[in-house]
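Letter by letter, the chains look like this.
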Amino acid sequence: MLYPAEKIDVSRCHGCGLCAMVCPVYQQGGNVMRTPHGLAKASQRDPELVREDVFACVLCGACAPLCPQDIDLMQMLIAMRSAFSHEPLPAGEQGKSADQKGRVVFVADRALLADEEQLDKVMDLLGHEKAVLASDQGDDISEAMQSGRQVNFDRLHQFLTTLQPVKKIIISDGLLQSVIRSKLPQISMQSLGQLLSSQQAFRRKLKASDFYMMDSQSYHADYQNMLAYYDALYCETECQLSRDLHRLAIPTGAHAKNGFDSKAQIDWLLQGRKVKRIVVESLADYHLLTKHCEQPVSYISELLP
Amino acid sequence: MEIPVIPLGELPPCPVAPDALQGIPRQQTNPSRWQGQAQWRDFVAALQADSVEVIEADGMRGVYQTDAGGLANGLCHGVVMAESAEQIAILMKRAQEFAVPVTLRGGGLTTEGESVAYGGVMLDMTGMKKVVAVDTEALTVRTQPGIFWHRLAEVLRRDGMDYLSAPLNLTSSVGGTIGVGGIDVNSCKYGCSADQVLSLQIVTPTGEVLECSDNENPEWFERIILGYGQFGIITEVTLRIRPYTPMRMHYFYYASLRSAIEDLQQLDANEVCDYSGILTMMDKAITLLVGFDSAQQEKIFFDQWRGQLKGGSELGFGLRLIGYYVLHPWRIREALFLLNRKRDLFPDLQPPEHMCNGELLDRTAVFSRAVWKHWGHKHMVIPDLATNVDKFVEAVERGNEVCKKYFKHYTLYCVGIRLREDHQAHYELSSIPPDAKGISYGCEFEPMLDERDYSRDELQSFKNDIYDIGVDMQTSYYRFGGMMKGYIRRALGDEVVNKHLAMKRELDPAMILNRDVIF
Ligand SMILES: Cc1cc2nc3c(=O)[nH]c(=O)nc-3n(C[C@H](O)[C@H](O)[C@H](O)COP(=O)(O)OP(=O)(O)OC[C@H]3O[C@@H](n4cnc5c(N)ncnc54)[C@H](O)[C@@H]3O)c2cc1C
Ligand code: SF4
Ligand code: SF4
């Protein structure tokens, strides 16, 4: 089992609906069966009943910090999707060698890995950290989780083993971040968004008329710390943050595979805001926003020399 | 369409239960399940022909099996997701034709099974949850009824606006709340959520769509507001709104419930605070919460009223408690409970990420999360009493004694509810006590259920004991529910009940809409 069974004990769900309240999929479709509330309640009757609906989730992670019953909702969603998927993830070919002991490694998200130019720029910016690209990026695992394919646990184990000796992980894949955080809690980890946005050169360029689009998966993977971090960013720059009244990050749904209307979601993100420029932490969000928004969109690295 | 004449014997002559007597142990029993399998398939087929989808999948039906109370259980035959007034109108016409019960559900936060369907159709109103228009000049919002208050706050904030008052639990829907009341910590100023409604679009039990307000179809408006979904389905709502302000909050501490209530009532009578309420941790540790929308109002309070309050500051009160427990060392467990409770609860009422310069930015989000985190349970047992000003202390003290009989730890939550003289007709069959003038008071009794397992019967007996106080004092409750049918005649009298029953029979000939909630 990938996750401790008691952590995904659906019987603990008492149906408060807080998860549905912030779920973007629920906001769009209104089907309670596609929220942790509906999934947990239906599973209490028969786990088979969630077979279809669990794949509607975009894995943004917004529901996870809210559950008053402390059910690990991200783990629950990933585990349920994996259990009902018919497409197993093939055993990995990467990650043959472990990363060097005591190094700082960078685990990039799939969009960044596919964009050589941006990746080079990011690696340059990480120069002061003496970071190197992790030998195993685990992008196949992230892709499997995101698209709802079966997670191959041997493969996951292999990936985590390569990371075990490192000193620090810088990461731009929020999904893998939540898995690594739960499995290798002893290793220091920082999201790429946090690392770059903490630089003074970056902050000087961020203005009150900027809309700062956080990567929702990274944000919720480290929610308690991120709350304070982004509060400070806001206090210093007064930029508009992509957060709701619960201080949860509103996702774009860039990774959505199942009929999620990202355009409508972006309209909601920007509704009523006076925005001159959008600054984005995630390259996948960047691609989506440039397609749908009139305002100029900058990827976070573009604000740094 | 022909509305059928319901054969005699199908419904009892009076569907309101005969009065239940005190002293006779009553446990809640679910209303009997609708036995209409024979017509169900034809009904579904007719709806399908009208392009109304009925979801009969097991998983979906199971989600609605109980409400937040968790004590009443029932399974509907099928679920219809509300989409539009027109779709609901078709559903209601067919439901009358086939005599199939339709139960309405918003957030499902009732506690006595009012939003549980014992067979028939569960109409999930959360399918209709769009905000239609925000008017920042007229200070109104037009919204569909299935929207959660949280989402409404979220939408309004984009325009710098806020709703006036809503339940502290934000997963309740606007429509469901208007049907039952909706009490906030600022209800002392604004009244209940139902009183914020300017107009409604409704679907009648026989499937007519109409608009109603104080001026247009007022007789419908009167019945639907605070009507427990008996007389129609709310499909759109126009509510009053206001410019958003953060909240300045202060707590004062009391060792006597009576003193705290007297101070609360004095502040409310003089309209000193924008927010006020009482929250107890134990009989010895009572908190009066006061809040303000502006620095000016806050200053008036501190200049003119603070000195008159009997409650102390946190420090002073803490020192007094320490003194008490030094002299009563055998009560150390009690002291530890208080310490732990305070340590756990109070930071969640003022979390740093929601505070700025001492002001609470998002009370909507903060209170809602705190309620579920600290009081949430698979059984939400929150019986309540609502009275006029004069009866309130007695009602709370008697309720408090009942709590002690059943539970080691519990919380009382008391608030004032400003009443509108011009809305007397709305209150007739509602939770607002008939003898209250100007302001009424509500108290919720919330046991902490984590200490051991309680049987369903124990919990229901506790609730009944609280409700008995209401009957005995000829007062009311925040809300009547399924099991309240047993109380309604004694609480409101035959005249009121018969009048509403006659209206119900006329407006809902097959008696299918929210059957067993009151009628
Ligand atoms: C933990 C907790 C805390 C609470 N705190 C508060 C509080 O602070 N203040 C307060 O006032 N209440 C409080 N309540 C009670 C609860 O908020 C109310 O019962 C609630 O407002 C109901 O809203 P809902 O959407 O959940 O309605 P539901 O429970 O779904 O329905 C309530 C009633 O309205 C009917 N109904 C639903 N939708 C419609 C519609 N569109 N048209 C007509 N009728 C409809 C239903 O059939 C039912 O009879 C609390 C409850 C819980 C469990
Ligand atoms: S992860 Fe996001 S999309 Fe999935 S259930 Fe939670 S809130 Fe909804
Ligand atoms: S937040 Fe947790 S307890 Fe509440 S409905 Fe969702 S899964 Fe269930």
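Residues numbered from 1 in each chain as written. Chains lettered and ligands numbered in written order. Predicted model: local features only at pLDDT ≥ 70, side-chain atom pairs only at ≥ 80, totals over all residues. Heavy atoms only, no water.

A.B. asks: How should the overall build of chain A be read in this particular structure?
C.D. replies: Of regular secondary structure, chain A possesses 15 helices and eight strands. Relative to a compact globule of 305 residues, whose C-alpha radius of gyration would be 19 Å, chain A shows 19 Å and is just as compact. Dimensions along the principal axes, computed over C-alpha positions, put chain A at roughly 55 × 50 × 30 Å. Of the contacts formed within chain A by residues at least 6 apart in sequence, a portion of 70% connects residues at least 24 apart. For chain A, the exposed surface amounts to about 12000 Å²; the carbon and sulfur share of it is 49%. (Helix = DSSP H or I, 4+ residues; strand = E, 2+ residues; numbered from the N terminus. Rg over C-alpha atoms; globule rule 2.2 N^0.38 Å. Contact = heavy atoms within 4.5 Å. Areas by Shrake-Rupley, 256 points an atom, 1.4 Å probe, with all protein chains shown as cover.)

A.B. asks: Sorry, what's going on with the environment of Ile-8 of chain A here?
C.D. replies: Residues and elements named next belong to chain A. Checked against the element boundaries, Ile-8 lands in the segment before α1 (18-22). The class of Ile-8 is buried, set by a relative accessible area of 18%. Along the backbone, Ile-8 and Cys-19 are 11 residues apart, and their C-alpha atoms lie at a distance of 15 Å. (Buried < 20%, exposed > 50% of the residue type's maximum accessible area, 1.4 Å probe, protein only.)

A.B. asks: What should I look at first to understand the site of ligand 3 in this one?
C.D. replies: Inspection of the region around ligand 3 gives Cys-13, His-14, Gly-15, Cys-16, Gly-17, Cys-19, His-37, Cys-67, Pro-68, Gln-69 and Leu-73 of chain A as its neighbouring residues. Across the shell around ligand 3, the residue classes tally to six nonpolar, five polar and no charged. (Near = heavy atom within 4 Å. Nonpolar A, V, L, I, M, F, W, Y, C, P; charged D, E, K, R; others polar.)

A.B. asks: I'm lost on the sheet that holds strand β10 (residues 247-254) of chain B in this one. Help?
C.D. replies: Sheets are built from strands that pair by backbone hydrogen bonding, the pairs being arranged parallel or antiparallel. All names here are of chain B. A sheet is described by the order of its strands in space; here eight strands give the open sequence β13-β14-β10-β12-β11-β16-β17-β15, paired in antiparallel fashion. Of all strands in the sheet, those bounded by a partner on one side alone are β13 (355-356) and β15 (384-387). Inspection of the sheet shows β10 paired to strand β12 (residues 285-292) by seven bridges, in the antiparallel sense. For Met-249, the partnering residue across the bridge sits in β12 and is Gly-291. Running at roughly 175° to strand β11 (residues 275-282), helix α8 (residues 257-269) makes contact with β10, β11, β12, β16 (410-418) and β17 (439-447) of the sheet. (Pairing = 2+ DSSP bridges. Axes fitted to C-alpha atoms, helices over the stretch in contact; angles between N-to-C directions.)

A.B. asks: Explain the domain arrangement of chain A here, please?
C.D. replies: In many analyses, interface size is given as the accessible surface area lost on bringing the parts together. Residues and elements named next belong to chain A. The domain architecture assigned to chain A consists of domain 1 (5-82), domain 2 (97-194) and domain 3 (196-303). Computed from C-alpha atoms alone, the centre-to-centre distance between domain 1 and domain 3 is 25 Å. In this assembly, 14 residues from domain 1 lie in contact with 15 residues from domain 3. Note on domain 1 versus domain 3: buried area summed over both sides is about 1100 Å², and carbon and sulfur give 65% of it. Taken together, domain 1 and domain 3 are joined by zero salt bridges. Linking domain 1 with domain 3 are four residue pairs in polar contact (both at pLDDT 80 or more), by the criterion used here. Secondary structure elements with two or more residues in the side of domain 1 that touches domain 3: α1 and α2 (24-29). In terms of residue count, α2 provides more of the side of domain 1 that touches domain 3 than any other element does, three residues in total. (Domains from an automatic or database assignment. Buried area = accessible area lost by both parts, 1.4 Å probe. Salt bridge = Lys/Arg side-chain N within 4 Å of Asp/Glu carboxyl O. Polar contact = N/O pair within 3.5 Å; in protein donor to acceptor, adjacent residues only side chain to side chain.)

A.B. asks: What is the right way to look at unusual backbone geometry in this model?
C.D. replies: Note: most peptide bonds trans; most residues except glycine with negative phi. Residues and elements named next belong to chain B. Phi is positive for Asn-217, which is not a glycine, with a value near 45°. Structurally, the position occupied by Asn-217 is in the loop between β8 (209-213) and α7 (218-224). Given a relative accessible area of 28%, Asn-217 falls into the partly exposed group. For Gln-474, which is not a glycine, the phi torsion comes out positive at approximately 50°. On the secondary structure map, Gln-474 appears in the loop between α14 (456-472) and α15 (485-507).

A.B. asks: Just checking my understanding: could you explain the pattern of salt bridges for this structure?
C.D. replies: When the charged atoms of two side chains with opposite charge come close together, those side chains can pair. Residue and element names in this part refer to chain A. Within the structure shown, the criterion is met by 49 salt bridges over all chains. The partner of Asp-222 in a salt bridge is Arg-181, with the nearest N and O atoms 3.6 Å apart. With Asp-222 in the loop between α12 (216-221) and α13 (223-237) and Arg-181 in helix α9 (residues 174-183), this pair connects stretches of sequence that are 41 residues apart. Assessed through its relative accessible area of 11%, Asp-222 is described here as buried. Taking the relative accessible area as the measure of exposure, Arg-181 reaches 25% and is therefore partly exposed. The shortest N-O distance in the salt bridge between Arg-243 and Asp-231 comes to 2.6 Å.

A.B. asks: Help me understand the site of ligand 1 in this model?
C.D. replies: Residues and elements named next belong to chain B. Around ligand 1 there are 34 residues in total, and Leu-104, Gly-106, Gly-107, Ser-173 and Ile-183 lie nearest to it. Side-chain polar atom of Asn-514 to an oxygen atom of ligand 1: 2.7 Å apart, as the coordinates give it. For ligand 1, the accessible surface in isolation is 970 Å², of which the surrounding protein chains cover 98%. When residues of the shell around ligand 1 are assigned to their parent elements, the largest contribution, four residues, is made by helix α5 (residues 174-180). In terms of residue class, the shell around ligand 1 is built from 16 nonpolar, 15 polar and three charged.

A.B. asks: How should I be thinking about the packing of aromatic side chains in this particular structure?
C.D. replies: The relative placement of two aromatic rings is captured by the distance of their centres and the angle of their planes. Enumeration over the complete set of coordinates arrives at 23 aromatic pairs over all chains. Through successive ring pairs, a cluster of aromatic residues spans Phe-202, Tyr-212, Tyr-219, Tyr-223, Tyr-229 and Tyr-230 of chain A. For the cation-ring pair, Arg-151 of chain B lies above Trp-268 of chain A, with the distance from its terminal atom to the ring centre recorded as 4.0 Å. Sitting over the ring of Trp-375 of chain B, Arg-341 of chain B keeps its end group 5.2 Å from the ring centre. (Phe/Tyr/Trp six-rings, centres within 6.5 Å; stacked < 30°, edge-to-face > 60°. Lys NZ or Arg CZ within 6 Å of the ring centre and 35° of its normal.)

A.B. asks: Even after reading the chapter, I still don't get the side chain of Thr-237 of chain A, so can you show me in this structure?
C.D. replies: Residue and element names in this part refer to chain A. Within the element layout of this structure, Thr-237 appears in helix α13. Since its relative accessible area comes to 8%, Thr-237 is described here as buried. Every residue in contact with Thr-237, bar those within four places of it in the chain, is listed here: Arg-203, Leu-206, Lys-207 and Ala-208.

A.B. asks: When you look at the sheet that holds strand β3 (residues 168-171) of chain A in this model, what are you seeing that I'm missing?
C.D. replies: All names here are of chain A. Ordered by their spatial adjacency, four strands build an open sheet running β2-β1-β3-β4, and the pairing between neighbours is parallel. Each edge of the open sheet is held by one strand with a lone partner, namely β2 (131-133) and β4 (188-191). Going from strand to strand, the sheet's axes swing by 30° on average, the running direction of each strand aside. Sheet analysis places β3 next to β4, joined by four bridges and oriented parallel. The residue of β4 that forms the bridge with Ile-169 is Met-189. Sheet strands touched by helix α6 (residues 116-125): β1 (104-107) and β2. Its angle to β2, the strand with the most contacts, is close to 155°.

A.B. asks: Got a minute to help me understand the pairing of β10 of chain B in this structure?
C.D. replies: The two faces of a sheet get side chains in turn, since along a regular strand they alternate between them. Residue and element names in this part refer to chain B. By the criterion of burial, β10 is predominantly enclosed, with six of the eight residues buried. Here two bridges tie β10 to strand β14 (residues 359-360), and the two strands are oriented antiparallel to one another. Looking at β14, one finds that Met-247 is bridged to Leu-360.

A.B. asks: Explain the interface of chain A and chain B to me, please; I cannot follow it from the model alone.
C.D. replies: Taken together, the 36 residues of chain A in the interface contact 34 residues of chain B. Together, the buried faces of chain A and chain B total about 3100 Å²; carbon and sulfur atoms form 60% of this surface. Together, Arg-45, Leu-245 and Trp-268 of chain A form the three largest contributors to the area buried by chain A at its contact with chain B, with a combined 24%. Here chain A is connected to chain B by two salt bridges. With a shortest N-O distance of 2.8 Å, Arg-247 of chain A and Asp-362 of chain B are connected by a salt bridge. In this structure, the connection of chain A to chain B is made through 15 residue pairs in polar contact (both at pLDDT 80 or more). Looking at the side of chain A that touches chain B, the elements that each hand over two or more residues are α1, α2, α3 (36-45), α13 and α14 (262-270) of chain A. Residue contributions to the side of chain A that touches chain B peak at five residues, all from α3 of chain A.

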